[in-house]
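Each chain, written out:
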Amino acid sequence: RGARRRRPAGDEAETPAGGPVREAPRPDGEHEQSQVDEVTALSQIFPSEFELLSDWAPADEDCYDPDDYSTESRRYVHPIRYSITLQPQDDALGPVDGSLWPAGTIRLVVEYPPDYPDASPRISLGHGMNYHEFSMRASDALTRAVGEAVAGEAG
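This report concerns the structure included in the present document. Just so you know, these numbers come straight off a predicted model, no measurement behind them. (Residues numbered from 1 in each chain as written. Predicted model: local features only at pLDDT ≥ 70, side-chain atom pairs only at ≥ 80, totals over all residues. Heavy atoms only, no water.)

Digging into a negative patch on the surface
So, step 1. Taken together, the side chains of Asp28, Glu30, Asp115 and Asp118 define an acidic patch exposed on the protein surface.
So, step 2. Locating aspartate 118 in the fold gives a position in the loop between strand 5 (106-111) and strand 6 (122-127).
So, step 3. What makes aspartate 118 exposed here is its relative accessible area of 54%. (Patch = residues over 30% accessible without salt bridge, like charges linked within 9 Å, V, L, I, M, F, W, Y side chains within 5 Å. Areas by Shrake-Rupley, 256 points an atom, 1.4 Å probe, with all protein chains shown as cover. Salt bridge = Lys/Arg side-chain N within 4 Å of Asp/Glu carboxyl O. Lys, Arg positive; Asp, Glu negative; His and termini not counted. Charge placed at Lys NZ, Arg CZ, Asp CG, Glu CD. Helix = DSSP H or I, 4+ residues; strand = E, 2+ residues; numbered from the N terminus. Buried < 20%, exposed > 50% of the residue type's maximum accessible area, 1.4 Å probe, protein only.)

Encoded structure:
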């Protein structure tokens, strides 16, 4: 996965309806640095599972490192969004055994509000399983459980 060059920060792109895409409110300097530090750490901890979804541009075209997620290397378009791909455990039977963990691969999608880490990130799940493999009820329950765990760690 690694880095993918995105639309340059500050440029406007067209939406399918033809209107401009606007950047969300920027966090203040301290919150932005915390967000970038976390993205940098997660990209190193989960190098093959991590995917940056936010638009960004190289901070310096002449000395760009695709594996560097710091503000020295990238200018981010806010909100910062990324996903981490989670694989099922070998012994997981999926939702049929009463657990919330599905039998297939899911993507945990995280989006930081401007005041993160003082506020909880927005969490969603992405997957390609059908209803029998991972029902909407099971997906909602897992999303709630992750959200509750995140809320308990806020701040």
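Here we look at the pattern of salt bridges
So, step 1. Under the counting rule described, the total for this entry stands at 3 salt bridges.
So, step 2. Among the salt bridges present, the one from arginine 26 reaches glutamate 32, with a minimum N-O distance of 2.6 Å.
So, step 3. Look at glutamate 32 and you get buried, because its relative accessible area is 15%.
So, step 4. Here arginine 81 ties to glutamate 111 by a salt bridge, and the two come within 3.2 Å at their closest N and O atoms.

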